[in-house]
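# Geometric and topological summary
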Amino acid sequence: MPENPNETKLVNFAMANSTRRKIINFLENGSRSTGEIGEIIGEATLDFHLRILQQAGLAELEEETVKLSEYGKKFLKNKTGKAEERTADFSQARPVEIVEIRQLSPCIVDSSKLRASANMVPPPGGILKLLEPLFPRSNYSDGKNSLIIQKGEIITTIYGSGKISIRMIKNENEAKEELESLKSTINAAIAKGVAPAPRKKVRVELMELYKYLPQTNCGKCGEQGCYSFAIKLMARQIALDRCTLLKEPEYANNQEQLQVLADYI
Ligand code: SF4
């Protein structure tokens, strides 16, 4: 496994893309010709994706044959091992209740929408990470032990402590409905006692990324404007944090929405 942070970044970057994940999984059962891989992912971007996998040390290319490197094999094995651990851990979880739902002040970014808070009991603690695959658009943060779930405009954040914050809601009833649906989804999975199925791929559209950018065209990211930035973001050629305006409090909601979306590009 790479110990150098730059190498780790290369691996993370390589595996963040669904096409490259598809190639790596395709190679799991042995080497393949570039033609065979091209048939699956298309010829247009084949060289580009293979180059990134090689740079990350995950795959090797000899003449027209591609195979997993020793590191690539270990990487896949490690991933499978983690999936098995998840199943075991999830089976220990207990059903949850959501209590103390309270409406709070209007949202900072859109005063026509409201924020609410609630508590999950028992607190999800260590199983929070395991809940991530249950929601089509969600993002778990190890550092904060929090899970952000995006559903339309609504953003719900669950913390390991049990605290829940829900934003961009129309009224308290909408918050209650959302939280009830959240509870049902979690408890249905807990009742099965197995790790959630892998998330379905969520298609992210260019205009969806653009919609959440500040749209000031200030150029601070080094791009001509927000639309150019969205194109590069979509192509994974630029990092979200290059848009410095998103760090301003007034764009906090936009940043969270984009963070979740960027996970699915
Ligand atoms: S820094 Fe952000 S707001 Fe400014 S042009 Fe770039 S993407 Fe748009």
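A brief report on the enclosed structure follows. Treat the numbers as computed from the prediction; the structure is a model and nothing was measured.

## Looking at the packing of helix α2 (residues 18-26) against helix α3 (residues 34-41)
Each pair of packed helices can be described by the angle between their axes along with the distance between the axes. Interhelical geometry of α2 versus α3 gives an angle of 135 degrees and a closest axis separation of 11 Å. If you check the angle between α2 and α3, you find them oblique. α3 is crossed by α2, and the crossing has right-handed handedness. Here α2 contributes T19, K22, I23 and F26 to the contact with α3, which in turn contributes E36, I37, I40 and I41. For the contact of α2 with α3, the residue count by class is five nonpolar, one polar and two charged.

## Side note on the packing of aromatic side chains
Per the counting criterion, the structure on display carries two aromatic pairs. Ring geometry for Y210 and Y227: centres 5.5 Å apart, planes at 80 degrees, overall edge-to-face. Pair noted here: Y210 is in helix α8 (residues 206-212) and Y227 is in helix α9 (residues 226-234), with a separation of 17 residues, a long-range link. Cation over ring: R20 sits above F13, and NZ or CZ is 5.0 Å from the ring centre.

## Side note on the site of the ligand
Neighbouring residues of the ligand: P214, T216, N217, C218, G219, K220, C221, G225, C226, F229 and C243. Among the residues forming the shell around the ligand, the class breakdown is six nonpolar, four polar and one charged.

## Description of the nonpolar core
Judged by nonpolar contacts, the single largest core of 27 residues is most densely connected at M120, I164, L182 and I186. Broken down by secondary-structure element, the contributors of at least two residues to this core are β5 (114-121), α6 (128-131), β7 (146-151), β8 (154-159), β9 (163-169) and α7 (172-192). Contacts of M120, omitting those with residues within four sequence positions, involve V96, E97, I98, I158, G162, I164, L182 and I186. By size, the runner-up hydrophobic cluster in this structure holds 24 residues, among which are V204, I238, L240 and Y264.

Thresholds applied
- Residues numbered from 1 in each chain as written.
- Predicted model: local features only at pLDDT ≥ 70, side-chain atom pairs only at ≥ 80, totals over all residues.
- Heavy atoms only, no water.
- Axes fitted to C-alpha atoms, helices over the stretch in contact; angles between N-to-C directions.
- Helix = DSSP H or I, 4+ residues; strand = E, 2+ residues; numbered from the N terminus.
- Parallel < 35°, antiparallel > 145°, perpendicular 65-115°, else oblique.
- Left-handed = near helix turned anticlockwise from the far one by under 90°.
- Contact = heavy atoms within 4.5 Å.
- Nonpolar A, V, L, I, M, F, W, Y, C, P; charged D, E, K, R; others polar.
- Phe/Tyr/Trp six-rings, centres within 6.5 Å; stacked < 30°, edge-to-face > 60°.
- Lys NZ or Arg CZ within 6 Å of the ring centre and 35° of its normal.
- Near = heavy atom within 4 Å.
- Core = buried A, V, L, I, M, F, W, Y, C linked by side-chain atoms within 4.5 Å.
- Buried < 20%, exposed > 50% of the residue type's maximum accessible area, 1.4 Å probe, protein only.

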